[in-house]
Structures are given as structure tokens and as C-alpha cells.
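Understanding the architecture of this molecule
Read off the chains here:
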Amino acid sequence: QAYLLWSGWEVEGGGPSTRKAVLIASPHTSNWDLVFAVAVSLKYGLNLKWIGKDTLFALPIWGAFLKRIGGISVNRSTPQGAVGAAAARFREVDSLFLMVPPEGTRSKSTGWKTGFYWIAVEAKVPIILGYLDYARKRASCAKLFYPTGDIERDFLEFKAFYQGVKGKYPAQQGEVRLQPAKN
């Protein structure tokens, strides 16, 4: 909390009114996103876990630190089973906030990956529309969204919500839309 105040950031809205949710971490354009997201989660006392690529955890001491602050290593080259495993974890615990950056990268993406969405659908938990707006120095994790299962319709809601939210590096920010299918 002190870090947020010291850095001039404000958190908008109260904490989430649920004990379990998938938390969208968007836009994701900088490593600083994690620092601010962890600070916001501490402000609300959330049991925050977050997904990161396995190479982030490769160094033993650094990897142990990242796990200590909620990191879960994911091998992005084998995505099968990740949705089911995450959904199962929600069923095993009383409280869990799983933060997922839908862009899947800090670089400009062609759209959002859908794993976060299908985890929420399978686990029957809401999605928190979380954001870090660097232009306004505002953060929030208060807006709950209940997925309908109609992903195209729900993505229109996501696009409207994130309109105007700017990441640390806006040029690296991809459009909020379904990622095109790979051929």
C-alpha cells in the first residue's frame, strides 16, 4: 500500500466481492505490471496467484522468490491441460484469485489468448476486469464479470471496458479481441 502511495498511484473501487475469480491483468506491456498488481492485491488482502512463462522461474533463487509472491510456472509450448488444471485448483480451495495476462506477452499481440476465459467458465467463477492505467496512474480489481459461454459476445464487453486504458508502453499494447486462429 505504501508503495502505491509513494509512486502516486490510486486504486479505484473496493476489493472484489467474491472469494474466487480469474483476474485479467491488462494491458500487460512491462515487468512493472507485476509489481503494481501485487501491491494492489496486498491492499485488498487477496490470495493472488499469477501465471508466468517457465523461463522466468529458471534461476533457483529468483524462481523461488517469484513462487513466494504467487507465481505459477507454465510451459507455454504445451498448453493442453492448463485450463483443466487451473479450474481443478479452484475447486480445491476456498479462496483464489488467479491473475492471467490475456495478451500472453509484454510485446504487442494480435489479440487476447482465451485460456483465462475458459478457466473461469470451467471453474464456474467470475472474471475480474483488472487494469493498470499508467496514463492516469489508476488501478482496479473491483469489476466482476460473469462469463456467459458466448465468448464473442463477452469479448465485446471486454473491449468496451478496456477502451482508453493505457499500459506503461502503449505502442506494445495489442487490441482487445480474440486472437486469430493459427493455420
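Just so it is clear, the model here is predicted, and its values are computed rather than measured. (Residues numbered from 1 in each chain as written. Predicted model: local features only at pLDDT ≥ 70, side-chain atom pairs only at ≥ 80, totals over all residues. Heavy atoms only, no water.)

1. What about the pattern of salt bridges?
For the structure on display, the rule yields 7 salt bridges. Here Arg 138 and Glu 10 are joined by a salt bridge, their closest N and O atoms 3.8 Å apart. Note that Arg 138 is positioned in strand S7 (residues 138-140) and Glu 10 in strand S1 (residues 10-11), a separation of 128 residues in sequence. For Arg 138, a relative accessible area of 23% translates into the label partly exposed. Here Glu 10 falls in the partly exposed class, since its relative accessible area comes to 45%. (Salt bridge = Lys/Arg side-chain N within 4 Å of Asp/Glu carboxyl O. Helix = DSSP H or I, 4+ residues; strand = E, 2+ residues; numbered from the N terminus. Buried < 20%, exposed > 50% of the residue type's maximum accessible area, 1.4 Å probe, protein only.)

2. Let's talk about the packing of helix H5 (residues 115-123) against helix H6 (residues 151-162)
Direction vectors running N to C along H5 and H6 enclose 115°, while the axes themselves pass 12 Å from each other. Regarding H5 and H6, the two cross each other, and that crossing is right-handed. Side by side, H5 and H6 meet where Phe 116, Tyr 117 and Trp 118 of the first sit next to Ile 151, Asp 154, Phe 155 and Phe 158 of the second. By residue class, the composition of the contact of H5 with H6 is 6 nonpolar, no polar and 1 charged. (Axes fitted to C-alpha atoms, helices over the stretch in contact; angles between N-to-C directions. Left-handed = near helix turned anticlockwise from the far one by under 90°. Contact = heavy atoms within 4.5 Å. Nonpolar A, V, L, I, M, F, W, Y, C, P; charged D, E, K, R; others polar.)

3. Let's talk about a nonpolar patch on the surface
Taken together, the side chains of Leu 59, Trp 62 and Phe 65 present a nonpolar region at the surface, about 350 Å² in accessible area. You can see Phe 65 is positioned in helix H3 (residues 60-68). (Patch = residues over 30% accessible without salt bridge, like charges linked within 9 Å, V, L, I, M, F, W, Y side chains within 5 Å. Areas by Shrake-Rupley, 256 points an atom, 1.4 Å probe, with all protein chains shown as cover.)

4. As for the nonpolar core
Judged by nonpolar contacts, the single largest core of 26 residues is most densely connected at Phe 116, Ile 127 and Phe 158. Counting residues per element, this core draws most heavily on H5, which supplies 5 residues. Listed in part, the 20 residues of the second largest apolar core include Ala 21, Phe 36, Val 40 and Leu 66. (Core = buried A, V, L, I, M, F, W, Y, C linked by side-chain atoms within 4.5 Å.)

5. Comments concerning the packing of aromatic side chains
Enumeration according to the criterion identifies 18 aromatic pairs in this entry. On the basis of an interplanar angle of 50° and a centroid distance of 6.2 Å, the ring pair of Phe 116 and Phe 155 is categorised as tilted. In this pair, Phe 116 is assigned in helix H5 and Phe 155 in helix H6, connecting sequence segments 39 residues apart. By relative accessible area, Phe 116 is classed as buried at 1%. According to the relative accessible area criterion, Phe 155 is buried, its value standing at 4%. Counting every residue linked through ring pairs, the aromatic cluster contains Trp 112, Phe 116, Tyr 117, Trp 118, Tyr 131, Phe 145, Phe 155, Phe 158, Phe 161 and Tyr 162. (Phe/Tyr/Trp six-rings, centres within 6.5 Å; stacked < 30°, edge-to-face > 60°.)

6. Observations concerning the pairing of strand S5 (residues 96-100)
Judged by how many residues are buried, S5 sits mostly within the fold: 5 of 5 residues are covered. Here strand S2 (residues 20-26) runs beside S5; their pairing, made up of 5 bridges, is parallel. Note that in S5 the partner of Leu 23 across the bridge is Met 99. Two strands pair when backbone bridges link them, and strand S3 (residues 48-53) and S5 are joined in this way by 3 bridges, in the parallel orientation. (Pairing = 2+ DSSP bridges.)

By themselves, these are just geometric observations and shouldn't be taken as functional.
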